[in-house]
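Observations on the three-dimensional arrangement
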Amino acid sequence: MALRFDFKARGLVIEEIGPPITEEQIGSSVPESFPGKDAFVEFYLLRNGLFIPGGAYFYRSRFREISPGDFDAISVDNFYFIPRFPGETHDMLASIHHARSHLWRWRPERRSFFESHLPFACDGSGNDYWIEISSGRVKFILLEGNGGEGEIVDVAPTFDDFASNLEQRRPRPR
């Protein structure tokens, strides 16, 4: 098991993992090429989607300076699963394809964003994490922020940086 994705060693509880998947199935279902895709594939070969009861936290300050009032700790509760065949569903997890198509219908004003990004996780409120295909950067869409328009927050330089730095607890406010 890749140590950087060993959530148990960091005290994270994983309650649900999606169905096992092969590298060929990942490539077929997620054909997009992006910087850092090798770590994405490695992660999904270990666990094809997951649910983290109580959530986990990522701290943006690990990779950037945070201004007062800016997001630092953000939560993640689910990693979407990758379907092994068209139409595959899971009782507890949404698929990457379902997340993208749902938002495509629900937020047509964001379609150019959805075409250039790949969803892979969400928080407990349904705000999604996306990989920017051109750069590999991880973004977070806070759907109700910015006067109802949604706010796009730059989170991490790569999927690897994001997934390998999740923590169990949110620290006390400074």
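Fair warning: this is a prediction, and the values are worked out from it, not measured in the lab.

Topic: the nonpolar core
- Formed by 39 residues in total, the largest nonpolar core has its most connected members in Phe40, Tyr44, Phe79, Phe120, Tyr129 and Phe162.
- For this core, the element with the most residues is helix H2 (residues 37–46), which contributes five residues.
- Ignoring any residue separated from it by four or fewer positions in sequence, one finds phenylalanine 79 in contact with Phe43, Tyr44, Gly49, Leu50, Ile52, Leu93, Phe120, Ala121, Phe159, Phe162 and Leu166.
- In this structure, Leu103, Phe114, Trp130 and Ile141 belong to the second largest nonpolar core, which totals six residues.

Let's talk about the packing of aromatic side chains
- Tallying each qualifying case throughout the model produces 19 aromatic pairs.
- Aromatic pair phenylalanine 43 and phenylalanine 79: ring centres 4.9 Å apart, planes at 35 degrees, arrangement tilted. Taken as a pair, phenylalanine 43 in helix H2 and phenylalanine 79 in strand E3 (residues 73–79) lie far apart in primary sequence, 36 residues in all. In terms of burial, phenylalanine 43 and phenylalanine 79 fall into one category: buried.
- Taking 5.1 Å as the distance between ring centres and 20 degrees as the angle between the ring planes, the aromatic pair formed by phenylalanine 114 and tryptophan 130 counts as stacked. You can see phenylalanine 114 sitting in helix H4 (residues 111–115) and its partner tryptophan 130 sitting in strand E5 (residues 128–132), a full 16 residues away along the chain. In this pair, the class of phenylalanine 114 matches that of tryptophan 130, namely buried.
- Three or more aromatic residues joined by ring pairs form one cluster here, namely Phe34, Phe40, Phe43, Tyr44, Phe58, Phe63, Phe79, Phe120, Tyr129, Phe140, Phe159 and Phe162.

Considering the confidence of the model for the protein chain
- Residues with a pLDDT of 70 or more make up 91% of the protein chain, whose mean pLDDT is 87.
- Here strand E1 (residues 16–17) stands out as the element of the protein chain with the lowest mean pLDDT, 81, in contrast to E5, whose mean of 97 is the highest.

Quick notes on the pairing of strand E6 (residues 138–142)
- Among the five residues that make up E6, four are buried, leaving the element largely enclosed by the rest of the structure.
- Summarising the sheet, E5 and E6 pair through four bridges and their orientation is antiparallel. When the sheet's bridge partners are listed, tryptophan 130 is paired in E6 with lysine 139.
- As judged from the five bridges shared by E6 and strand E7 (residues 151–156), these two strands associate in the antiparallel manner. Each bridged residue has a counterpart across the sheet, and for valine 138 the counterpart in E7 is alanine 156.

Considerations on the pairing of strand E2 (residues 50–59)
- Of all 10 residues making up E2, seven are buried, and the element is well covered by its neighbours.
- Pairing of E1 with E2, which is carried by two bridges, proceeds in the antiparallel orientation. Bridge assignment links isoleucine 17 to a residue of E2, and that residue is leucine 50.

Some remarks on the sheet that holds E6
- A sheet is described by the order of its strands in space; here seven strands give the open sequence E1-E2-E3-E4-E5-E6-E7, paired in antiparallel fashion. Strands with a single pairing partner mark the edges of an open sheet, and in this sheet they are E1 and E7.
- Contacts from H2 reach E2, E3, strand E4 (117–122) and E5 within the one sheet, and its direction differs from that of E4 by about 40 degrees.
- Against the sheet, helix H3 (residues 96–106) contacts E4 and E5, and its axis sits at roughly 110 degrees relative to E4.

A closer look at the side chain of histidine 90
- Mapping histidine 90 onto the fold places it in the loop between E3 and H3.
- Looking at histidine 90, its side chain comes within polar contact range of the main-chain nitrogen of methionine 92, at 3.0 Å.
- For histidine 90, the side chain forms a polar contact with the main-chain nitrogen of leucine 93, separated by 3.2 Å.
- When neighbours within four sequence positions are excluded, histidine 90 is seen to be in contact with Glu16, Ile17, Gly18, Pro19 and Phe81.

Calculation notes
- Residues numbered from 1 in each chain as written.
- Predicted model: local features only at pLDDT ≥ 70, side-chain atom pairs only at ≥ 80, totals over all residues.
- Heavy atoms only, no water.
- Core = buried A, V, L, I, M, F, W, Y, C linked by side-chain atoms within 4.5 Å.
- Buried < 20%, exposed > 50% of the residue type's maximum accessible area, 1.4 Å probe, protein only.
- Helix = DSSP H or I, 4+ residues; strand = E, 2+ residues; numbered from the N terminus.
- Contact = heavy atoms within 4.5 Å.
- Phe/Tyr/Trp six-rings, centres within 6.5 Å; stacked < 30°, edge-to-face > 60°.
- pLDDT = per-residue confidence, 0-100.
- Pairing = 2+ DSSP bridges.
- Axes fitted to C-alpha atoms, helices over the stretch in contact; angles between N-to-C directions.
- Polar contact = N/O pair within 3.5 Å; in protein donor to acceptor, adjacent residues only side chain to side chain.

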